[in-house]
Amino acid sequence: MTNGFVLVVVSFFAGMFNFIAAHTSLYYSSYYGMCLRSTIQSMVYEKSLSLSTFATTGGDMTVGQITNHMSTDPMNLLYMFQYFHFLWTVPFLIALDLYLLYLQLGTAALLGSVVYILVIPVQLWVANFMAKHQKSALHLADERLKHSNEILQGIKLLKSYGWEQLYVQVVEKIRLQELNHILRMNVGYGFIGFIVSAAPLTVTLLTFGTYPALSGEDLTPDKSFSAMALFNLMTGPLFMLPMITTHLVNGIISTARLQRFFMAQEVEMQSAGNDWRERDYKNTDHGMDNDYVGRHNKNGYDDNHIDEVNETSSILPKVVVSKRSIKYGVTHTTKLSHVPRSVAIKITDGNFTWDKNSKRPILSNINVDIPAGELTIIVGAVGSGKSSLVSAMQGEMTTLSGSVQFSRTKGSIAYAAQKAWLINATLQDNVLFGESLDTKQYKKTIDVCAMKPDIDILPGGDQTEIGEKGINLSGGQKQRISVARTVYSGRDIVILDDPLSALDVHVGSHVFQKAIVGSLLRNKQTVVLVTHQLQYLHHAQKIIVMKEGRITHQGTLQDIVDETPDLYNEYQQAVKTATESETELEETLRGLSEDERETVFRKQISRELSRESVSIPKGATLIEQEEVEKGSVSVNVYLFYFHAMTWFMSISSIFGYIAHGAFTAGTNFWLSSWSEAGISADNSTKEPLSYYIAGYAGLSLAGVMSILVGCVSIAVGAYIASKKLHITMLQNVTRCSMRFFDTTPLGRILSRLSSDTNIMDMKLFQSMDTTIFFTVGYFSGVVVNCIVLPIFILFAVPMLVCGVVLAKFYVTSSRSLQRLDSVTKSPIFAHFSETLSGLPTIRAYRDQGRFYHALMKKLNVNNMTFLYLQSTHRWNGLRLEMIGTIGMLVAGIGTIVSSINGSIEPSKVGLAITYIISIGTFMNFAIRYAAETEMLMNAIERIKEYIGVPNETYAGTEPSVDWPKHGAITMQGISVRYAAELEPVLKNISLKFRSGEKVGICGRTGSGKSSLTLALFRIIDTYKGRILIDDVDINQVPLSTLRQRIAIIPQDPILFNGTIRYNLDPENRRSESDLWNSLEISQLKETVKRMPEGLDSEVSEGGENFSVGQRQLFCLARAFLRRSRILIMDEATASIDIETDKILQEVVATVFADCTVLTIAHRVATILDSDTILTLSDGKVVEYDTPENLLENPNSIFASLVNSNQ
């Protein structure tokens, strides 16, 4: 017995050393895994900053895929790194265990071990099966995220068309395919769990059943329970093996995906002639080269304007990217050469395309010199290649042949994109764009860009928060901020891609005269302007005329006069119109004081202000902070998930595991009796061997079947929950009001659809499964020990209390850290999403370093919470293992003492010690995985939150099939607001639009023009009064039906990934001839005919392979195909050249002759032919009459708008 005491003490110290070493190893594995994750994330972001435009728009990869490279793939590599060392330790442990079993039981142990030898390849096969389906599921997840992102990006358009559910169905279809693979993975996981739990029972049955026959000896307690302990030790490694294999395979798959991404096509090197990633680290912190991230101003590059990363903790590594010379995926370079001082940009024999693998140029035979310090204007029809030319100048296109050269001394660029790109920051921050504040320069910039009236009206002045993508600003405001950014930057070359299209004529004239001519050109900066405003041509030193990707003419205005009489005629007409408006304006202003003149101009400018921006209460922020839940996860969240699994599956899984624990304990008690009989001296009372084998086999079989029920139930239940919750959430989100999208960053919504969904699909049920397994195992051990040694309960109670106290402390900390981990991830993905949408602008300003630096800050904050979270795991594990090891010491000594006293049978001693060895581990893992389950339930908590977001009211009574038959609209005392807490934007409006009437809607800032049309679609809340269409109250009509019966040509045109045919007619209701007819009407027939696949040609994500003007024309084609009796035109021709606009106005007048047309005018000339003009002011009707009558009244607002030609 002395040896027994020594062995117990030795086991105690061995256990202490074991868990200290194990947790130290796991901590460092987590730490370096986190470093690997951060490195990969920073590399993905770095690569994204250099991705070519074609890589994201040509169909090779999508925003969803790139987001997965930022989220899923780095996590897969982290897990692979964490578990990597188990690849060699697990086989070693299994081999050592088998050797010890052989020493104990001889040949019978080897026979039993054959089961394990057979099980291992089966497990590996299942793991490989799971990995194959994991790969397919990841691919489908990319596709699902791509379409989900498209839905969220274009949600306003989809709601206007009533197509949101149509596009959700596309995601549903992909999701079902993804879930089929996930179900196979879940079943595979359940099968592995079944094998791991069933194998020990099968092995012990085979080993103990054959031992008497093979050895010729009876089974005794010392043999049976020492062997049982060794068999139990094999359970852990066998359970880990498939998990390790899965993580390894996932890591390899992610590595291959990342490799393809890192080899993707990049833009040509920037105008500076070197890659921004080639940074000099000698004199900079965090690897940021001042020459690259330094901001250029009128005095040159200032190296002091980059904020330093505040290291959040001394234990965190600095996330930097090492210097390297490899430029993976890079294409041809632009050059800096000694071009003449009079030339800023020189393109020689240039042939450019978007796809580097394409041999067909988009731009052909480009030879042009951009004069330094002068204005160059690029003109041409829609789709002629104007935007492509300025993209080629910036290195955004692939150079097939020829060269682009920049002035070595004056080569810095500022760029205003055709679709203005703003960041989610204050208005001032958007103008400064990383520059330090020079108050004098800033005020001058605000004045010349006509932004003072905006700032005065906005609730927070220039500190007003600009929503994601500038959603709370009008198109004109966004463009003027974009132009102001270029003016303030002080760059040598300023490229403006049609910013004047979004501005009213007079406001555009002010910006052109004051900002472009009076500021940029006066400072001898080179300006390249793409425009359809031909009245400014006489200011240009050089005019470039584009047609079908070629420069057809270039030179001075006189050269153009001589070469292209048609263009000159258009120019003369534009000048005449502009001159008349200026003359009329001067007459209006004549005799007014300076203050009165300023007031008139403020009214003209303020007309552009978005109603949404002025509806924000003063001091309030538009984007709401993400809520962080506090305290434990509510029981309601668990019940919510169990309900989603179905109660039958939930209860079956728990019952299966409890039954398995009970039957396993039963087999061990049966083994105790069996082995006790082996040392009994009284053979007359001994049962035959077959009796013990039959009983053991029966209990083992019951245990195997019960674990099968538990594993299958939880796997299938998880599949049912994943299927139900994701689609319910997506459907609910798309049914939310636009206010929800205005105040919620898309990154936050995508986080629910990507990382939270991934947790629900892959991790949650596995964690729950493991929690139940170890919890049942722990309580089985406590119950068995209390039965064998009743005094053990005196220790079990304090041990349980200590465990509960530790668990409570641990769970509270880890839960909060897990939530912080989730919340600190959202800014990373929001910043990433924002960056991807503004890559050309960031690269033009050479601002990659600053944006990269901002990501590093966000990554370090997230890393801090992650590392603290891992530290709490290790802290908890060490203490719980210590409690378990002390328990083993107490129970071991107690049972030995009881055995000496004769109060306990030797077999029961073996049984108790066998259980007590594993009880500490079971307690540790039960609490650890219970805490992890609660942390992962945070994903369900967040999904539940979005499932519960209030919806628009979609129900109603279906009207007749041909409604609206006439298109008559009646508004009876309507009052409209964007949200219940905001002031009304339309107040007590009563109007009647006759069938077929053409109504022009105009008014100044915040007058409610757009709100009126949004009310027709019920996109904003009509809380008083009602709107009737053909005497039917639209509030009684189902929402989708209402929106599908009205046609709209929106201001912001969006196309979706798919074919042209799908974009025009996603419901597949129209014939081929109808589609071609709609394209002919919208002036796109020839463009589509020239495409290789015609109507089946692919449209890239966001329609980026078409110009903004062409996208607008596609929206016109959609409107024609809808064949509605009511058409809304919301500044629909802003991005179209004058000639095309003129043709379209004639087409609309003919094609929609019998329709009721409501036009919000950008060019006032487009509504002069309307039957009636509706003028709004401050949400009220102030004028409603024919254009002729209003023009005759010199005091009418409409007359003043025409006179100023806004």
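If you're wondering where the values come from, they're calculated on a predicted model, not measured in any experiment. Residue positions are given per chain, counting from 1 as you read along its sequence in written order. Confidence filtering applies because this is a predicted model: local features only for residues at pLDDT of at least 70, side-chain atom pairs given and counted only at 80 or more, and all residues used for totals across whole chains, interfaces and linings. Hydrogen atoms and water are omitted, and side-chain values are computed over all heavy atoms in the structure.

> I keep staring at the overall build of the chain and nothing clicks. Help me out?
Helix and strand counts for the chain come out as 38 helices and 24 strands. Burial statistics for the chain: of 1206 residues in total, 62% are counted as buried. A separation of at least 24 residues holds for 83% of the contacts in the chain among residues at least 6 apart in sequence. The Shrake-Rupley method, run with a 1.4 Å probe, gives the accessible areas here. Residue values count only the displayed protein chains as cover. About 46,600 Å² of surface is accessible on the chain, with carbon and sulfur atoms providing 58% of the total. Segments assigned H or I by DSSP are reported as helices when at least four residues long, segments assigned E as strands when at least two residues long, and all are numbered from the N terminus. Classification of residues uses two cut-offs on accessible area relative to the type maximum, computed with a 1.4 Å probe and protein chains only: under 20% is buried, over 50% is exposed, and between them is partly exposed. Residue contacts are counted whenever heavy atoms from the two residues lie within 4.5 Å of one another.

> Looking at this structure, how should I read the confidence of the model for the chain?
Atomic detail in the predicted coordinates should be set aside for any region of low pLDDT. Per-residue confidence from the predictor is given as pLDDT, running between 0 and 100. Per-residue confidence for the chain gives a mean pLDDT of 80; residues scoring 70 or more make up 85%. Mean pLDDT across the elements of the chain bottoms out in helix α10 (residues 290-293) (36) and peaks in strand β10 (residues 526-530) (93). Low pLDDT, under 50, characterises residues 583-590; the stretch is placed with eleven contacts to residues that sit more than four places away or in other chains.

> Explanation requested: the nonpolar core in the structure shown.
Inside soluble globular proteins, nonpolar side chains tend to come together where they are buried. Core analysis: the biggest nonpolar cluster contains 173 residues, and Y641 and M971 have the highest contact counts within it. When near neighbours in sequence (up to four residues on either side) are disregarded, M971 contacts I989, S990, L991, F993, L1012, L1016, R1026 and I1027. Joining through side-chain atoms within 4.5 Å is the link that ties buried Ala, Val, Leu, Ile, Met, Phe, Trp, Tyr and Cys residues into a set, and such a set is a nonpolar core. Core analysis: the next-biggest nonpolar cluster, separate from the first, contains 77 residues, I481, L500, L534 and L839 among them.

> Looking at this structure, I do not really get the pattern of salt bridges. What am I missing?
Pairing between side chains of opposite charge can happen when the charged atoms of each approach one another. Think of a salt bridge as a Lys or Arg side-chain nitrogen and an Asp or Glu carboxyl oxygen that are within 4 Å of each other. Within the structure shown, the criterion is met by 26 salt bridges. Among the salt bridges present, the one from D369 reaches K346, with a minimum N-O distance of 3.3 Å. Separated by 23 residues along the polypeptide, D369 in strand β5 (residues 363-371) and K346 in strand β4 (residues 343-353) bring together distant segments of the chain. Judged by its relative accessible area of 28%, D369 is partly exposed. Across the pair K987 and D1178 runs a salt bridge, and its minimum N-O distance is 3.5 Å. Here K987, found in strand β14 (residues 986-993), pairs with D1178, found in the loop between β23 (1172-1177) and β24 (1180-1185); they are 191 residues apart in sequence, far enough to count as distant. With relative accessibility at 44%, the residue D1178 sits in the partly exposed group.

> For this particular structure, what's the right way to read the pairing of strand β13 (residues 969-977)?
Sheet faces and side chains relate simply in a regular strand, where the side chains alternate between the two faces. Burial within β13 is extensive, with eight of its nine residues counted as buried. As judged from the five bridges shared by β13 and β14, these two strands associate in the antiparallel manner. Within β14, the residue paired with M971 across the bridge is L991. Between any two strands, at least two bridges found by DSSP are needed for them to pair. In terms of strand pairing, β13 meets strand β16 (residues 1021-1029) through seven bridges, oriented antiparallel. For Q972, the partnering residue across the bridge sits in β16 and is R1026.

> When you look at helix α25 (residues 746-788) in this model, what are you seeing that I'm missing?
An α-helical turn contains 3.6 residues, so a residue and the one three or four places further along point in the same direction. Its 43 residues place the ends of α25 60 Å apart at the C-alpha level, agreeing with the 63 Å of an ideal helix rising 1.5 Å per residue. The quantity called bend is, for any residue, the angle between two axes fitted respectively to the seven residues ending at it and the seven beginning at it. Along α25, the largest kink reaches about 45° and is centred on K763. The buried count for α25 comes to 35 of 43 residues, which makes it a mostly enclosed element. Under the convention used throughout, the expected extent of a helix is 1.5 Å for every residue step, that is, one less than its residue count.

> Would you mind going over a positive patch on the surface with me for this structure?
On the surface, a cluster of positive charge is made up of K440, K444, K514 and R522. Its place among the elements puts R522 in the loop between α16 (505-521) and β10. Patches here are clusters of residues that have more than 30% relative accessible area and form no salt bridge, with a 9 Å joining cutoff for like charges and a 5 Å cutoff for nonpolar side chains (Val, Leu, Ile, Met, Phe, Trp, Tyr). Here the positive residues are Lys and Arg and the negative ones are Asp and Glu; neither His nor the chain ends is included. To locate a charge, take atom NZ for lysine, CZ for arginine, CG for aspartate or CD for glutamate.

> Help me understand a nonpolar patch on the surface, please; the structure alone is not making it clear to me.
A surface patch of nonpolar side chains, amounting to about 790 Å² of accessible area, comprises F92, L93, L96, Y99, L100, Y102, L103 and L110. Note that L103 resides in helix α5 (residues 86-105).

> I'm lost on the side chain of D1065 in this one. Help?
Note on placement: D1065 falls in the loop between α32 (1060-1064) and α33 (1072-1081). Despite being buried, D1065 has no salt bridge partner; R1070 is the closest side chain of opposite charge, sitting 5.5 Å away. Polar contact is defined as a pair of N or O atoms within 3.5 Å, subject to the rule that within protein one atom must be able to donate a hydrogen and the other to accept it, and that residues adjacent in sequence are counted only when both atoms are side-chain atoms. Reaching out from D1065, the side chain makes a polar contact with the backbone nitrogen of R1070 at a distance of 2.8 Å. Apart from the residues within four sequence positions on either side, D1065 is in contact with R1070 and L1075.

> Help me understand the packing of helix α23 (residues 689-734) against helix α29 (residues 906-947), please; the structure alone is not making it clear to me.
When two helices pack together, their arrangement is given by the angle between the helix axes and the distance between those axes. A fitted line through C-alpha atoms represents every axis, and for helices the fit uses only the stretch in contact; the resulting angles, taken between N-to-C directions, go from 0 to 180 degrees. Interaxial distance between α23 and α29 falls to 8 Å at its minimum, and their mutual angle equals 40°. Taken together, the axis directions place α23 and α29 in an arrangement best described as oblique. By crossing handedness, the relation of α23 to α29 is classed as left-handed. Of α29, the residues touching α23 (which contributes L725, T728, M729, N732 and V733) are I940, I943, Y946 and I947. Put simply, Ala, Val, Leu, Ile, Met, Phe, Trp, Tyr, Cys and Pro go in the nonpolar bin, Asp, Glu, Lys and Arg in the charged bin, and everything else, Gly too, in the polar bin. A class-by-class count of the residues in the contact of α23 with α29 yields seven nonpolar, two polar and no charged. Just so you know how the angles are binned, under 35 degrees is roughly parallel, over 145 roughly antiparallel, 65 to 115 roughly perpendicular, and the rest oblique. Put simply, a crossing is left-handed when the front helix is turned counterclockwise from the back one by less than a right angle, and right-handed when it is turned clockwise.

> Can you help me understand the packing of aromatic side chains in this one?
Describing an aromatic ring pair means giving the distance of the ring centres and the angle of the ring planes. Pairs were defined over the aromatic rings of Phe, Tyr and Trp, the Trp ring being its six-membered one, requiring ring centres within 6.5 Å. Orientation was assigned from the angle between planes: stacked under 30 degrees, edge-to-face over 60, tilted for the rest. Enumeration according to the criterion identifies 33 aromatic pairs in this entry. Plain terms: the ring middles of F208 and Y696 are 6.5 Å apart, the flat faces sit at 75° to each other, and that makes the pair edge-to-face. Here the residue F208 occupies a position in helix α8 (residues 164-215), and Y696 occupies one in helix α23, the gap between them amounting to 488 residues. Each member of the aromatic cluster is reached from another via a ring pair, and the members are Y161, W163, Y167, F1056 and Y1062. Whether a charge sits over a ring depends on NZ of Lys or CZ of Arg being within 6 Å of the ring centre and within 35 degrees of the ring normal. The ring of Y954 has R735 sitting right over it, with the charged end atom 4.4 Å from the ring centre.

> Explanation requested: the packing of helix α13 (residues 439-448) against helix α15 (residues 475-489) in the structure shown.
Orientation of α13 relative to α15, taken along the N-to-C sense of each, is 140°, at an axis distance of 9 Å. When the axis of α13 is compared with that of α15, the two are oblique. Once α13 is placed against α15, the crossing between them reads as right-handed. Together, Q441, Y442, T445 and V448 of α13 and A484, V487 and Y488 of α15 make up the contact between the two elements. Class assignment for the residues of the contact of α13 with α15 results in five nonpolar, two polar and no charged.

> How should I be thinking about the sheet that holds β23 in this particular structure?
Strand pairing in a sheet relies on backbone hydrogen bonds, with the paired strands running either antiparallel or parallel. One open sheet accounts for six strands, arranged β18-β21-β22-β15-β23-β24; its pairing is mixed. A strand with exactly one partner marks an edge of an open sheet, and here the two such strands are β18 (1047-1049) and β24. Here the average twist between neighbouring strands, direction ignored, is 20°. Bridge count for β23 against β24 is five bridges, and the pairing is antiparallel. Among the inter-strand pairings, S1177 is bridged to a residue of β24, identified as K1180.

> Can you help me understand the side chain of N732 in this one?
As for its placement among the helices and strands, N732 is situated in helix α23. Residue classification places N732 among the buried residues on the basis of a relative accessible area of 10%.

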